[in-house]
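Structural overview for review
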Amino acid sequence: MKRILITTSFVAIAACFVAPATVSAEEALGNVDRGRMIYQSGKGDDVPACAGCHAEDGLGSDDVGSPRLAYQIDTYVQKQLSDFAAGKRIDDTMYQMNDIASALTEQDIRDVASYVHTLKTPYIGSNLDQLRRDGADVGDPEKGKMIAEYGAPAHGVPACQSCHGFHGRSAGRMYPAIGGQNYVYLQHELTSFRNGANAFGSKTLTKKDIASKEDNARTNDFMGQMRAVAKNLSDEDIKNLAAFLTLAKPTTPGNPRSPSH
């Protein structure tokens, strides 16, 4: 088992290293002040304030299924907004992001991405007890931690930290921070990647493929990496991972992405 675990993790880590760096760590994507205006107030009639669904502090909401954006990697936010605008990712939760993103200019997208990266809201994940009281089927954080840190080699799942770093704090500009992310969003997206793998495998999609995508099938992951992982996750694995990651506090000493307050 140890040999399988090491091999699986090595493949995942090797895949991470081939991801291209979009910008240097010191280079700003856009204008933070302009991004703040769009985030807090919107832009014209077609772009409502991002804070309406993602909250002023960027924490998002389990009630509407919106993700935490606070301290998210700027290049990742830029890619997702661009993919929404191009129809490469479909918003099947609120059914708004495709229209909103397509009304943004490329500069707007860079500005918003730059702003959300500056939000220093502490890592406050979902209230799992409240979710259970509300009737949600919540996983076991301890079992999720094992997958996040060591993978599930028995069914071909590498450790999440191979690409996403310790407790999901991110390991570069390509891979998003997933620690402290909202439970409902994590569960939904992992399921969507698995559905995308079942429907399309890991191939690069054509415009015809994208137009034919069914709801809840996400396929905009880099080189199909998340689909390759998610296809081997069971429903229980997904719930357990979501439960652990939402509670994970990726704020160890020396972490350059640790919130300052």
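Owing to the predicted nature of the structure, the values given are computational and were not obtained by experimental measurement.

Turning our eyes to something else, we now look at the overall build of the protein chain. Along the backbone of the protein chain there are 13 helices and 0 strands. Listing every helix and strand of the protein chain by position from the N terminus yields α-α-α-α-α-α-α-α-α-α-α-α-α. For the protein chain, the proportion of its 261 residues judged to be buried stands at 52%. Contacts spanning at least 24 positions in sequence make up 73% of the contacts within the protein chain whose residues lie at least 6 apart. Roughly 12,800 Å² of accessible area belongs to the protein chain as shown, and the carbon and sulfur atoms make up 56% of that amount.

This brings us to the nonpolar core. If you look at the biggest cluster of nonpolar residues, it comprises 23 residues, and the most contacted ones within it are Leu128, Val138, Val157, Tyr183, Leu233 and Leu241. Looking at this core, the elements with two or more residues in it are helix H7 (128-133), helix H8 (141-150), helix H10 (183-200), helix H12 (225-230) and helix H13 (235-247). If one sorts the elements of this core by residue count, H13 sits on top with 6 residues. Of all hydrophobic cores here, the second largest spans 21 residues; its members include Ile38, Ala51, Ala70 and Ala113.

We now examine empty space enclosed by the protein. In this approach the atoms are scanned with a rolling probe the size of a water molecule, which exposes any empty space left behind. Applying the stated criterion across every chain yields a total of 2 cavities of 30 Å³ or more. There is about 50 Å³ of room inside the largest cavity. The class makeup of the residues in the lining of the largest cavity is 4 nonpolar, 3 polar and 1 charged. If you trace the second largest cavity, you find it lined by Ala148, Glu149, Cys160, Gln161, His164, Gly165, His167, Gly168, Phe244 and Leu245.

Right, let's talk about helix H4 (residues 74-86) for a bit. The end-to-end C-alpha distance of H4, which contains 13 residues, comes to 18 Å, matching closely the 18 Å that a straight helix rising 1.5 Å per residue would cover. For H4, the full list of buried residues reads Asp74, Thr75, Tyr76, Val77, Gln78, Gln80, Leu81, Asp83 and Phe84.

With that out of the way, let us pick up unusual backbone geometry. The backbone of Tyr71 sits at a positive phi, close to 65°, despite the residue not being glycine. On the secondary structure map, Tyr71 appears in the loop between helix H3 (51-54) and H4. Judged by relative accessible area, Tyr71 falls into the buried class, the value being 7%. One non-glycine residue, Met223, adopts positive backbone phi at about 55°. Along the polypeptide, Met223 turns up in the loop between helix H11 (207-211) and H12. By relative accessible area, which is 56% here, Met223 ends up exposed.

Moving on, we get to the packing of H4 against helix H6 (residues 106-118). As a packed pair, H4 and H6 sit with axes 8 Å apart at the nearest point and diverge in direction by 140°. As summarised for this structure, H4 and H6 are arranged oblique, according to the angle between their axes. As H4 packs across H6, the resulting crossing turns out to be right-handed. Contact residues: Asp74, Val77, Gln78, Leu81 and Ser82 in H4; Ile109, Arg110, Val112, Ala113, Ser114, Val116 and His117 in H6. Looking at the contact of H4 with H6 residue by residue, the class counts come to 6 nonpolar, 4 polar and 2 charged.

Procedures and definitions
Residues numbered from 1 in each chain as written. Predicted model: local features only at pLDDT ≥ 70, side-chain atom pairs only at ≥ 80, totals over all residues. Heavy atoms only, no water. Helix = DSSP H or I, 4+ residues; strand = E, 2+ residues; numbered from the N terminus. Buried < 20%, exposed > 50% of the residue type's maximum accessible area, 1.4 Å probe, protein only. Contact = heavy atoms within 4.5 Å. Areas by Shrake-Rupley, 256 points an atom, 1.4 Å probe, with all protein chains shown as cover. Core = buried A, V, L, I, M, F, W, Y, C linked by side-chain atoms within 4.5 Å. 1 Å grid on protein atoms, 1.4 Å probe; cavity = no way out; pocket = protein on both sides within 12 Å on 5 of 7 lines; lining within 4 Å. Points joined across faces, edges and corners; volume = space filled by probe spheres on them. Nonpolar A, V, L, I, M, F, W, Y, C, P; charged D, E, K, R; others polar. Expected span 1.5 Å × (residues − 1). Axes fitted to C-alpha atoms, helices over the stretch in contact; angles between N-to-C directions. Parallel < 35°, antiparallel > 145°, perpendicular 65-115°, else oblique. Left-handed = near helix turned anticlockwise from the far one by under 90°.

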